Amino acid sequence: MSEAILAQKAAAVDKIVKQFEAATSAVVVNYRGLTVDEVTELRKELRESGVKMEVLKNTYLRRAADISGYEGLDDIFKGPTAIAFSDEDAVAPARIMAKYADKFDALEIKGGFIEGKVATLDQILELAKLPDRDGMLSMLLSVLQAPVRNVAYAVKAVAEAKDEEPAA
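So, here is what we can say about the structure in this document. (Residues numbered from 1 in each chain as written. Predicted model: local features only at pLDDT ≥ 70, side-chain atom pairs only at ≥ 80, totals over all residues. Heavy atoms only, no water.)

Now for a nonpolar patch on the surface. A contiguous nonpolar surface patch, about 290 Å² in accessible area, is contributed by Leu-137, Leu-140 and Leu-144. By the element assignment, Leu-144 lies in helix α6 (residues 133–164). Residue Leu-144 is classed as exposed on the basis of its relative accessible area of 54%. (Patch = residues over 30% accessible without salt bridge, like charges linked within 9 Å, V, L, I, M, F, W, Y side chains within 5 Å. Areas by Shrake-Rupley, 256 points an atom, 1.4 Å probe, with all protein chains shown as cover. Salt bridge = Lys/Arg side-chain N within 4 Å of Asp/Glu carboxyl O. Helix = DSSP H or I, 4+ residues; strand = E, 2+ residues; numbered from the N terminus. Buried < 20%, exposed > 50% of the residue type's maximum accessible area, 1.4 Å probe, protein only.)

Below is the structure:
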């Protein structure tokens, strides 16, 4: 094998290593059997959520995973493999892939990693049930507003009670 080809392969692995290191999460899927329209629909939703999906060689993925310290992913890098990376929202790849795995029987989630740790299929499916970032912020805001709202209701109730008391 020529040195130019080896350099190209090394560069491809280095690129994947950088993606692994930058990603907050990634989900690996088997996409065999999806139609072009189904893949287009999937990629569109992934792109809108800031998730990049790529079809990469399994040997490159295995090498990049080893270099990045993700042990245990070798078994999922077999057969047709696509990987969805997210640098921002750790939940987005899992949520979208789980949604489309339910919608399209041909899409199979194999595994992935979340926040630097290898994740099983069950962990990815649990993560997929979480709301997106905006949903979580909304829930947090609701929790933070609850005590203030309760105090406001109590003050209002006291004020209304004083208004109803007969003058002596």
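Once that is clear, we can look at the side chain of Thr-24. Tracing the sequence through the fold places Thr-24 in the loop between α1 (3–22) and β1 (25–30). You can call Thr-24 buried: its relative accessible area is 17%. Residue contacts for Thr-24: discarding those within four places in its chain leaves Ser-86, Asp-87, Glu-88, Asp-89, Ala-90, Phe-113, Ile-114, Glu-115 and Gly-116. (Contact = heavy atoms within 4.5 Å.)

Ranked by internal contacts, the top residues of the largest apolar core, which has 26 residues, are Leu-42, Met-97, Leu-107 and Ile-109. Going through the elements one at a time, β1, α2 (36–48), β2 (51–55), β3 (82–86), α4 (92–103), β4 (108–114) and α5 (121–128) are the ones with two or more residues in this core. Here this core takes seven residues from α4, the largest share from any one element. For Met-97, the contacting residues outside a window of four places in its chain are Val-27, Val-29, Leu-42, Leu-46, Met-53, Ala-84, Leu-107 and Ile-109. (Core = buried A, V, L, I, M, F, W, Y, C linked by side-chain atoms within 4.5 Å.)

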